[in-house]
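Coordinate analysis (summary)
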Amino acid sequence: MTQADAQERLGRLLGYLEHDPGNTALLRDAAAAALDADDPQTAKELFARLRDAGGLTEADGNLWAIAAVRSGEPEAAAETFAGLLQHNPGDPAVRFNLAWALALAKDTAGAREVLDEATVEALPQAAALEVRLMHAAGEFEQAAERAKAHLARHGDYPPLCAALSVLALDLEDEALARRCAEQAAGHPDALTTLAMLALGEHEEDRARGMFESALALDPQSPRAWIGLGLAELERGESALAAGHLDRGAELFGNHLGSWIAVGWAWLLAGDRAKARERFERAVALDGNFAEAQGSLAVVELLEGDREAAERRVEVASRLDRQSFSAAFARILLSAASGDTATAQRIADMALRQPIGPDGRTIADAIARMAR
């Protein structure tokens, strides 16, 4: 059924309900039709009317909770799913729905506890969720092993292949990333993976088109926003890039590399105040992240606070002797000799100066942390 068909059916059922508002069968059918039509708010209202009419079943409660998740209320949905699971502890669908709602509510520990072996074996969507949760927890190698085991059972499930394609990028296994993304057809995560690979091959226009296609399917994809920002950064559109990167960083929330990338994008765009805000966000998330400290040192130097910049460079260098941003700040400190105007001119040139045979710039190299 197409979206237009689902909306037409919903309108027809709502018309019937105007003449028979207490008909529980009609209410149930209309609520399900609202979900099919991607109208979760109407579905919730219809399920509430069904409850008031005394006709709400456990199956209806499950659908109400699905509507709650889709309308941005995962906590309320999780409460309902938890109650349903108490009555149906062996139902893998209910168990998955609870884990899904908990994950969306940012309770990743709770979601992982709910997902048991029987559920991930029975449901490919549960297997894909487990891989994403392990990936988010930084358990890259373990997640890859689990994903490969799941593929033996659910190998034709696009979201699982897409999840492994994203994980493979973080493992720097581009061959696996490409293979899994191609198997996942038009899944938004798979499109984002292929776009990231295209970006790495300097195909900025092709990458940008795929990132936009991914966002058309999933406007809340942080990786697609980050990728689109990086594509614009490669094209020299710093302000536009910074806006996209900001959106992705906000959606990610605690991804340090994203905040560093957006800070440098704003620095390239000439907005030191916004750059400082983003670097400070990264420092607040993890004060032991050398690149955050080194990046903030660059801003402090450009603002004329040489003493603060020197202290922060020392901190960054202690944390990581290979810190790229700390090395850049040291170059500015040495070359500028206290002259902030000179430091700004050096920074403007250096940020855009290719540093290798592939033509990448300093800002490009730091922005790669966002991927």
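Preceding block: the structure.
Residues numbered from 1 in each chain as written. Predicted model: local features only at pLDDT ≥ 70, side-chain atom pairs only at ≥ 80, totals over all residues. Heavy atoms only, no water.

Re the layout of surface pockets
In plain terms, the rule: Here a cavity denotes a set of grid points, spaced 1 Å apart and computed over the protein atoms alone, in which a 1.4 Å probe fits but from which it cannot get out, and a pocket denotes an open set meeting protein on both sides within 12 Å along at least five of seven lines; residues with an atom within 4 Å of a point are reported as lining. Grid points are joined across faces, edges and corners, and a volume is the space filled by probe spheres set on the points. Here a strand is any run of E in DSSP of at least two residues, a helix any run of H or I of at least four, and the numbering for each starts at the N terminus. Asp, Glu, Lys and Arg are counted as charged, while Ala, Val, Leu, Ile, Met, Phe, Trp, Tyr, Cys and Pro are counted as nonpolar; the rest, among them Gly, fall into the polar class.
By volume, the largest pocket is sized at about 2,000 Å³. Looking at the largest pocket, it is lined by 40 residues, and the ones nearest its centre are Leu 104, Lys 106, Arg 132, Gln 220 and Pro 222. When contributions to the lining of the largest pocket are tallied by element, the ones reaching two or more residues are α6 (92-104), α9 (124-136), α11 (158-170), α13 (188-200), α15 (222-234) and α16 (238-252). In terms of residues, the lining of the largest pocket owes the most to one element, α9, which gives eight residues. Within the lining of the largest pocket, the residues separate by chemical class into 22 nonpolar, 11 polar and seven charged.

Observations concerning the packing of helix α12 (residues 174-183) against α13
Our working rule: Axis definition: a line fitted to C-alpha atoms, over the contacting stretch in the case of helices. Angles run 0 to 180 degrees between N-to-C directions. Every angle not falling under 35 degrees, over 145, or within 65 to 115 is termed oblique; those three ranges are roughly parallel, roughly antiparallel and roughly perpendicular. Crossings are classed by handedness, with left-handed meaning an anticlockwise turn of the near helix from the far one by less than a right angle and right-handed meaning a clockwise turn. Pairs of residues are marked as contacts when any of their non-hydrogen atoms sit within 4.5 Å.
Relative orientation of the contacting elements α12 and α13 amounts to 140 degrees, with a least axis distance of 9 Å. If you check the angle between α12 and α13, you find them oblique. When the axes of α12 and α13 are compared, the crossing they make is left-handed. Note on element contacts: α13 touches α12 through Ala 190, Thr 193, Leu 194 and Leu 197, opposite Glu 174, Ala 177, Arg 178, Ala 181 and Glu 182.

Examining the pattern of salt bridges
So the rule is basically this: We count a salt bridge whenever a side-chain nitrogen from Lys or Arg sits within 4 Å of a carboxyl oxygen from Asp or Glu. To sort residues, take the accessible area from a 1.4 Å probe on protein chains only and compare it with the maximum for the residue type: under 20% means buried, over 50% means exposed, and anything in between is partly exposed.
Under the defined criterion, the tally for this structure stands at 22 salt bridges. We note a salt bridge from Asp 116 to Arg 95, for which the minimum N-O separation is 3.5 Å. With Asp 116 in the loop between α7 (108-114) and α8 (117-122) and Arg 95 in helix α6, this pair connects stretches of sequence that are 21 residues apart. Asp 116 sits in the partly exposed class, given a relative accessible area of 30%.

Quick look at the environment of Asp 38
In this fold, Asp 38 is placed in the loop between α2 (24-36) and α3 (40-52). Exposure remark for Asp 38: the relative accessible area of 52% places this residue in the exposed category.

Remarks on the nonpolar core
To be explicit about the condition: Nonpolar cores were defined as sets of buried Ala, Val, Leu, Ile, Met, Phe, Trp, Tyr and Cys residues, with membership established by side-chain atoms within 4.5 Å.
Ranked by size, the top nonpolar core spans 55 residues in total, and within it Phe 211, Leu 245, Trp 264, Leu 267, Phe 279 and Val 298 carry the most contacts. The element that contributes the greatest number of residues to this core is helix α17 (residues 256-268), accounting for 10 residues. In this structure, Leu 267 is in contact with Arg 272, Ala 275, Val 298, Val 299 and Leu 302, ignoring residues within four places of it in sequence. Grouped together as the second largest cluster of nonpolar side chains are 41 residues, Leu 10, Leu 35, Val 94 and Val 120 included.

As for the packing of aromatic side chains
Formally: Working definition: rings of Phe, Tyr and Trp (its six-membered ring) pair if their centres are within 6.5 Å, and the pair is stacked with planes under 30 degrees apart, edge-to-face with planes over 60 apart, and tilted otherwise. Criterion for a charge above a ring: Arg CZ or Lys NZ at most 6 Å from the ring centre, at most 35 degrees from the ring normal.
Across all of its chains, the model carries three aromatic pairs by this definition. Centre to centre, the rings of Phe 96 and Trp 100 are 6.3 Å apart; their planes meet at 5 degrees, and the pair counts as stacked. With Phe 96 and Trp 100 both in helix α6 and four residues apart, the pair spans about one turn of that helix. What makes Phe 96 buried here is its relative accessible area of 11%. In this structure Trp 100 comes out as partly exposed when scored by relative accessible area, which is 24%. Members of the aromatic cluster, each reached through a chain of ring pairs, are Trp 264, Phe 279 and Phe 328. Taking the ring centre of Trp 266 as reference, the NZ or CZ of Lys 274 above it sits at 4.3 Å.

These values are about where atoms sit, not about what they do.
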